[in-house]
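Results of the structural survey
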There are 2 protein chains.
Amino acid sequence: MDRVSVFNQYLRTQGLKSTRQRMIILETFLDSKSHYSTEELYQLLRKDHPRIGYATVHRTLKLFAECGIAIELNFGDGQTRFEPHYTEHHHDHLVCTRCGKIIEFVEPRIEHLQREVAERYDFTVDSHRHELYGRCVRCSQDS
Amino acid sequence: MDRVSVFNQYLRTQGLKSTRQRMIILETFLDSKSHYSTEELYQLLRKDHPRIGYATVHRTLKLFAECGIAIELNFGDGQTRFEPHYTEHHHDHLVCTRCGKIIEFVEPRIEHLQREVAERYDFTVDSHRHELYGRCVRCSQDS
DNA sequence: CTCAGTTTGAAATTGAGTTTCAAAACTATG
DNA sequence: CATAGTTTTGAAACTCAATTTCAAACTGAG
């Protein structure tokens, strides 16, 4: 089931309404490859849809996270970022602390070890966060 | 070199002063086993040292992080937490999203794979964050 | 179409984190 | 030990992302 359907079904089951704004925000969000903060997505939307308010963008992103089609990320810069959730291939992040570049990586062996650790403590894992901070190639060359 | 010495040396090299408040906060912080937020440590300190202000606790915790004797943690509850940094055995966290319990774990094989991933992207890693969220034994039994 | 319930967006509020500033404390020097 | 020159402290103010408020606009079941 695609993410648009997941979202619409979530709205229905929660007794919420499908609105023009929500659909526009969903579309823009899914098209975005970047890791947008609420503010950034709001600025992007403003270009084509200047009447959509910040509060609506914020509330809609929370809905995306609630129904599982988005993941909330926190890279320690004081802004929550969102990315479309890909159940197919889960990935984690390399974050350059100098230029802000974000590289996604996939490492199934780490995922496997995580499950092993959780089992060790009889812990039921729902989600995880795994980020490596440092310098990307470009930034480790200069300075 | 112990963490008290590291801190004092850091103060000296930065031209900062060793004060009664900083020493009290350091002592209390190092004694704490928990993962305190600024607010929580401030409340704890207030019991024995009601005249130490919130701003001082905050500034001192930042100093701890700067000189490497503390690590800033962010579990997504909107509060930054600090824990004494153990260079000896690095560890990551299992966070129970129901009762808030935090379990520390060590898994050198994950650390090793991280280095491998970083190399893959010519990325120089300074630090990382790795947290598994879910239910601890106790909380997965009830409800 | 109608109407109750929901959503919207501008503005206000919240709260963690940070900064300000005058008074207090610290350290090196006389 | 006294003094001068910095730094620190703590209360209060400020910042800024996140969240809430509320009247007007919208949605969708009937």
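All names here are of chain B. Here we have three strands laid out as an open sheet, ordered β1-β3-β2, and antiparallel in their pairing. Bordering the open sheet on either side are β1 (36-37) and β2 (70-74), each of which pairs with just one other strand. Sheet topology note: the β2/strand β3 (residues 80-84) ladder contains five bridges and is antiparallel. Within β3, the position partnered with I71 by the bridge is E83. Helix α4 (residues 54-66) rests against β2 and β3 of the sheet, and its axis sits at about 110 degrees to β2.

All names here are of chain A. Where helix α3 (residues 38-48) meets helix α4 (residues 54-66), the closest approach of the two axes is 9 Å, and the angle between their N-to-C directions is 125 degrees. By the angle between their directions, the pair α3 and α4 is classed as oblique. Of the two possible hands of crossing, α3 and α4 adopt the one that is right-handed. Contacts from T38, E39, L41, Y42 and L45 of α3 reach α4 at Y54, V57, H58 and L61.

Looking now at the domain arrangement of chain A. Residue and element names in this part refer to chain A. Split into domains, chain A comes out as domain 1 (3-84) and domain 2 (92-141). Here the C-alpha centroids of domain 1 and domain 2 sit 24 Å apart. Across the contact, six residues belong to domain 1 and seven residues belong to domain 2. For the pair domain 1 and domain 2, the two sides together bury roughly 560 Å², of which 57% comes from carbon and sulfur. In terms of surface lost to domain 2, no three residues of domain 1 exceed H35, N74 and F75, which account for 77% of the buried area on that side. The interface formed by domain 1 and domain 2 includes zero salt bridges. Across the domain 1-domain 2 interface, the total number found is three residue pairs in polar contact (both at pLDDT 80 or more).

Right, let's talk about the side chain of H130 of chain A for a bit. As for its placement among the helices and strands, H130 of chain A is situated in strand β6 (residues 124-135). Judged by relative accessible area, which is 1%, H130 of chain A ranks as buried. When sequence neighbours within four positions are dropped, the list of residues in contact with H130 of chain A reads D92, H93, I110 and Q114 of chain A together with I110, Q114, R129 and H130 of chain B.

Quick look at the protein's contact with DNA strand C now. Taken together, 23 residues are adjacent to DNA strand C, and T19, R22, R51 and R59 of chain A together with H58 of chain B come closest. A share of 71% of the atoms of DNA strand C within 4 Å of the protein falls on sugar and phosphate groups. One of the side-chain nitrogen or oxygen atoms of K17 of chain A is found 2.8 Å away from a base nitrogen of DNA strand C. S18 of chain B is positioned such that a nitrogen or oxygen atom in its backbone is 3.4 Å from a phosphate oxygen of DNA strand C. Those elements that provide at least two residues to the surface near DNA strand C are α2 (20-31) and α4 of chain A together with α4 of chain B. Element by element, the count of residues in the surface near DNA strand C is highest for α4 of chain B, at five residues.

What follows concerns the interface of chain A and chain B. Every contact between the two is made by 37 residues of chain A and, on the other side, 37 residues of chain B. Where chain A abuts chain B, roughly 3,200 Å² becomes buried across the two surfaces, and 61% of that area is made up of carbon and sulfur atoms. Considering only the surface of chain A that becomes buried against chain B, F123, R129 and Y133 of chain A emerge as the three largest contributors, covering 21% of it. Viewed at the interface, chain B and chain A are joined by four salt bridges. Measuring nitrogen to oxygen at the nearest pair gives 2.6 Å for the salt bridge that ties R109 of chain B to E116 of chain A. Run the count over chain A and chain B and you get 21 residue pairs in polar contact (both at pLDDT 80 or more). For the side of chain A that touches chain B, the elements supplying multiple residues, two or more each, are β4 (92-96), β5 (102-105), α5 (108-120), β6 and α6 (137-141) of chain A.

Parameters at a glance
Residues numbered from 1 in each chain as written. Chains lettered and ligands numbered in written order. Predicted model: local features only at pLDDT ≥ 70, side-chain atom pairs only at ≥ 80, totals over all residues. Heavy atoms only, no water. Pairing = 2+ DSSP bridges. Helix = DSSP H or I, 4+ residues; strand = E, 2+ residues; numbered from the N terminus. Contact = heavy atoms within 4.5 Å. Axes fitted to C-alpha atoms, helices over the stretch in contact; angles between N-to-C directions. Parallel < 35°, antiparallel > 145°, perpendicular 65-115°, else oblique. Left-handed = near helix turned anticlockwise from the far one by under 90°. Domains from an automatic or database assignment. Buried area = accessible area lost by both parts, 1.4 Å probe. Salt bridge = Lys/Arg side-chain N within 4 Å of Asp/Glu carboxyl O. Polar contact = N/O pair within 3.5 Å; in protein donor to acceptor, adjacent residues only side chain to side chain. Buried < 20%, exposed > 50% of the residue type's maximum accessible area, 1.4 Å probe, protein only. Near = heavy atom within 4 Å.

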